[in-house]
Amino acid sequence: MGRGNEGASGRGSGRDGGKDSSNSRGGNRRNAGSTDNRGKSSSRGNAPTRPTTRGGKNQVVGTSRSGNPVTKKEYIMRKKSEGTSKKKIDDGTIRLNKFISNSGICSRRDADIYIKAGSVTVNGKPVSEMGYRVKLTDEVKFDGQNIQPYKKQYLILNKPKGFIAPRKGERSSKTVLDLMQSAGVANLHYVGRLGRQSVGLMLFTNDLEMANKLNNPNLEMRKIYQVALDRSFKHEDLMQIRNGIVINGETIEVKEINYVEGGRNNELGIEIHSGKDNIVQTLFEAVNYEIKVLDRVVMGGLTKKDLPRGHYRSLTEQEIINLKMI
């Protein structure tokens, strides 16, 4: 019985042990699997978002030098960091296509096409190289026409007393360009010079070609002035100027001259189309009068209506068109 018991016990123990062992192994497998699953789930919850080939910030856009994938977000952050750490060196040049685009002719992409086609010259030499850089002082021509790397702007000023229009290279305090600083337009050129004590309309533009054209002394541009003289103006002197005065062998023609309606005998209005400097002063000096006040009220079709003294404004589109037709 002992053996039977032992045998039964042994077999029973063996079977039970086997079952237990089997259950244990199975349980261990299940438990292990459960543990693995929990481990994986826990791992996914704590690990950073993996790169993906799909769109979005985690899209892989390349690899680093070490071969690791680089996401779009990482690439943007790196570029921003490089942008703040690297200081650009300004050598005073810009790309030729940007120069052309800034002039208002076309976009940069179209400018590249024109450059390749040989439509652009720099300082008289054709340039077809992509990425070519130029200085702002370089002479750049597009289809034979000079261009400038900024939007062309046109403004008129109602000049007050005490400000001078300096000649090229002349230095002086209180110039008309000081009055135009707040306009924020670089490379302004004035048209129609006025002396320090003269007042009235002056035109300003960064269109050098237009400025040179309108400042040509041989160009006939309509200008009307109101003047106040040092004394009463005689009628015979008025007729002398109206009929034309010869100065330095040249007859100066006046379109119209007359007394100001409702004014004093020393106040006159005069219309002249000559572009010569100080021509109005010269006319009255020729008949022995001194101008005390000179006010330009009309210039090439432009007027100072509703423009207070010392203020400026931009020309309208129609005014610019009219100006270009002179």
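Here the structure is a predicted model, which means the values were calculated and not measured. (Residues numbered from 1 in each chain as written. Predicted model: local features only at pLDDT ≥ 70, side-chain atom pairs only at ≥ 80, totals over all residues. Heavy atoms only, no water.)

What follows concerns the overall build of the chain. Along its length, the chain carries 9 helices and 19 strands. Residues counted as buried form 33% of the 326 residues belonging to the chain. Look at the contacts in the chain between residues 6 or more apart in sequence, and 61% of them connect residues 24 or more apart. Carbon and sulfur atoms make up 46% of the accessible area of the chain, which totals about 21200 Å². (Helix = DSSP H or I, 4+ residues; strand = E, 2+ residues; numbered from the N terminus. Buried < 20%, exposed > 50% of the residue type's maximum accessible area, 1.4 Å probe, protein only. Contact = heavy atoms within 4.5 Å. Areas by Shrake-Rupley, 256 points an atom, 1.4 Å probe, with all protein chains shown as cover.)

Right, let's get into the packing of aromatic side chains. One pass over the full model with this rule turns up 3 aromatic pairs. Pairing tyrosine 114 with phenylalanine 142 gives two aromatic rings, centres 5.0 Å apart and planes at 85°, and the pair type is edge-to-face. Residue tyrosine 114 is located in helix 4 (residues 108-116), and its partner phenylalanine 142 is located in strand 7 (residues 140-142); the two are separated by 28 residues in the primary sequence. Overall, phenylalanine 142 belongs to the buried group, its relative accessible area being 11%. (Phe/Tyr/Trp six-rings, centres within 6.5 Å; stacked < 30°, edge-to-face > 60°.)

On the surface, a cluster of positive charge is contributed by Arg95, Lys98, Arg108 and Arg133. Within the element layout of this structure, arginine 133 appears in strand 6 (residues 133-135). With relative accessibility at 43%, the residue arginine 133 sits in the partly exposed group. (Patch = residues over 30% accessible without salt bridge, like charges linked within 9 Å, V, L, I, M, F, W, Y side chains within 5 Å. Salt bridge = Lys/Arg side-chain N within 4 Å of Asp/Glu carboxyl O. Lys, Arg positive; Asp, Glu negative; His and termini not counted. Charge placed at Lys NZ, Arg CZ, Asp CG, Glu CD.)

Further remarks concern the side chain of histidine 273. Among the secondary structure elements, histidine 273 is positioned in the loop between strand 16 (267-272) and helix 8 (279-286). A distance of 3.0 Å separates polar atoms of two side chains, one belonging to histidine 273 and the other to glutamate 271. In contact with histidine 273, other than residues within four places in its own chain, are Leu219, Glu220, Met221, Arg222, Lys223 and Lys255. (Polar contact = N/O pair within 3.5 Å; in protein donor to acceptor, adjacent residues only side chain to side chain.)

A few words on helix 8. Within helix 8, the full set of buried residues consists of Ile279, Val280, Leu283 and Phe284. Along the long axis of helix 8, the arc covered by the buried residues comes to 130°, so they all point the same way. Taken from the residues just after helix 8, asparagine 288 is the one with a positive phi, measuring 65°. (Arc of directions from axis to C-beta.)

Now for the pattern of salt bridges. Taken as a whole, this structure holds 8 salt bridges when the rule is applied. Ionic pairing is found between glutamate 319 and arginine 313, a salt bridge with its closest N-O pair at 2.9 Å. Classification of arginine 313 by relative accessible area gives partly exposed; the value is 25%. Within this structure, Asp295, Lys304 and Arg309 form a network of salt bridges that share partners.

Moving on to a nonpolar patch on the surface. A cluster of nonpolar side chains, namely Val61, Tyr75 and Ile76, defines an oily patch on the protein surface of about 250 Å² accessible area. Relative to the helices and strands, valine 61 is located in strand 1 (residues 60-63).

Comment: phi is negative for the bulk of residues other than glycine, and the bulk of peptide bonds are trans. Positioned with a positive phi, lysine 174 is a non-glycine residue whose angle comes to about 55°. Examined against the element boundaries, lysine 174 turns out to sit in the loop between strand 9 (154-159) and helix 5 (176-179). One non-glycine residue, asparagine 288, adopts positive backbone phi at about 65°. On the secondary structure map, asparagine 288 appears in the loop between helix 8 and strand 17 (291-299). Owing to a relative accessible area of 59%, asparagine 288 belongs among the exposed residues under this scheme.

Position of alanine 228 among the secondary structure elements: in strand 12 (residues 223-229). The exposure class assigned to alanine 228 is buried, which follows from its relative accessible area of 16%. The spacing of alanine 228 and glutamate 290 is 62 residues in sequence and 8.8 Å in space, taken between C-alpha atoms. Alanine 228 has contacts with Asn266, Glu267, Glu290, Ile291, Lys292 and Val293, leaving out every residue within four places of it along the chain.

Before going further, it helps to examine the pairing of strand 11 (residues 199-205). In terms of burial, strand 11 is largely enclosed, as 7 of its 7 residues are buried. Both strand 9 and strand 11 contribute to a ladder of 6 bridges, which runs antiparallel. Bridge pairing in strand 11 places asparagine 158 opposite leucine 201. Taken together, the 3 bridges between strand 10 (residues 189-191) and strand 11 define a ladder with antiparallel strand orientation. The residue bridging tyrosine 190 from the neighbouring strand is phenylalanine 204, located in strand 11. (Pairing = 2+ DSSP bridges.)

Scope: geometric values only; no functional claims are made or implied.
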